[in-house]
Amino acid sequence: QVKLLQSGAELVKPGASVKLSCKTSGFTFSTSYMTWLKQVPGPSIEWIGWIYGGDGASNYNQKFKGKATLTVDRSSSTAYMDLSSLTSEDAAVYFCATGYNYFDYWGQGVMVTVSS
Amino acid sequence: NIVLTQSPATLSVTPGESVSLSCRASQSISTSIHWYQQKSNESPRLLIKYASQSISGIPSRFSGSGSGTDFTLSINRVESEDFSIYYCQQSYSSLYTFGSGTKLEIK
């Protein structure tokens, strides 16, 4: 069955960067799209962008350009998201999910805390 | 950006009741709306795609309808496991957006 296993919770200092991972199994990664989303309590869920497992083509929410960088490692069927120059505004739970216009399988989510 | 407005924000019901949750788009989006359920401390789960298309493994009591700007998620005879938050999401524009959710709670 489809599984998306995300890396563990992160505590990072303001200004630092963090790389989140999403290891997948149970489907053909090289012909699939992986999406990343951000959830902060109250304001709901934001779409960050998607990346295609085949050739690494990507599409970002303009709001997250320069903040998030999506990559894939096809050899391990893993998707990654780098978040740079973190501030308190970046504290959230981040999800990876399959699909590019609707999201049918989700990772368990990873909480990112930004604090000195 | 396409804004999705969900109503009501909170809906209190008794198990066994049937309910309708609303999602209104700020402009016409055809049927490019998808519905998710999120239980406390869990990841969202896809319930309905493209307004009314069912998803494998989702109970038949969940159904969706609508087109243009007005969409509805219906739950026929709510069960205890259905008390959670429901989100709609649009994929009509290249900037995908979510509604702010409707919390379904036990009355």
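Residues numbered from 1 in each chain as written. Chains lettered and ligands numbered in written order. Predicted model: local features only at pLDDT ≥ 70, side-chain atom pairs only at ≥ 80, totals over all residues. Heavy atoms only, no water.

A. Just the pairing of strand 5 (residues 44–52) of chain A, in detail. Residues and elements named next belong to chain A. Here strand 5 lies mainly inside the structure; 7 of its 9 residues are buried. Here 8 bridges tie strand 4 (residues 33–40) to strand 5, and the two strands are oriented antiparallel to one another. Of the residues in strand 5, the one forming a bridge with Val40 is Ser44. Bridge count between strand 5 and strand 6 (residues 58–60): 3 bridges; the pairing is antiparallel. Within strand 6, the position partnered with Trp50 by the bridge is Asn59. (Buried < 20%, exposed > 50% of the residue type's maximum accessible area, 1.4 Å probe, protein only. Helix = DSSP H or I, 4+ residues; strand = E, 2+ residues; numbered from the N terminus. Pairing = 2+ DSSP bridges.)

B. Region of interest: the interface of chain A and chain B. Tallying the contact residues gives 18 residues for chain A and 18 residues for chain B. Ranking the residues of chain A by area buried against chain B places Trp47, Asn101 and Tyr102 of chain A at the top, with a combined share of 37%. The interface formed by chain A and chain B includes 0 salt bridges. Where chain A packs against chain B, one counts 10 residue pairs in polar contact (both at pLDDT 80 or more). Ranked by residue count, the leading element in the side of chain A that touches chain B is strand 5 of chain A, at 4 residues. Taken together, the residues of the side of chain A that touches chain B sort by class into 9 nonpolar, 8 polar and 1 charged. (Contact = heavy atoms within 4.5 Å. Buried area = accessible area lost by both parts, 1.4 Å probe. Salt bridge = Lys/Arg side-chain N within 4 Å of Asp/Glu carboxyl O. Polar contact = N/O pair within 3.5 Å; in protein donor to acceptor, adjacent residues only side chain to side chain. Nonpolar A, V, L, I, M, F, W, Y, C, P; charged D, E, K, R; others polar.)

C. Structural view of the environment of Ile75 of chain B. Residue and element names in this part refer to chain B. Assignment of secondary structure puts Ile75 in strand 8 (residues 70–75). A C-alpha to C-alpha distance of 18 Å links Ile75 and Arg24, two positions 51 residues apart in sequence. In contact with Ile75, other than residues within four places in its own chain, are Glu17, Ser18, Val19, Arg61, Phe62, Asp82, Tyr86 and Leu104.

D. Just the side chain of Lys38 of chain A, in detail. Residue and element names in this part refer to chain A. With respect to the element layout, Lys38 can be found in strand 4. The charged side chain of Lys38 is buried without a salt bridge, its nearest counter-charge being Glu46 at 4.3 Å. Separated by 2.8 Å, the side chain of Lys38 and the backbone oxygen of Glu89 make a polar contact. Excluding residues within four positions of it along the chain, Lys38 makes contact with Ser44, Ile45, Glu46, Ile48, Phe64, Glu89, Asp90, Ala92, Val93 and Tyr94. (Lys, Arg positive; Asp, Glu negative; His and termini not counted.)

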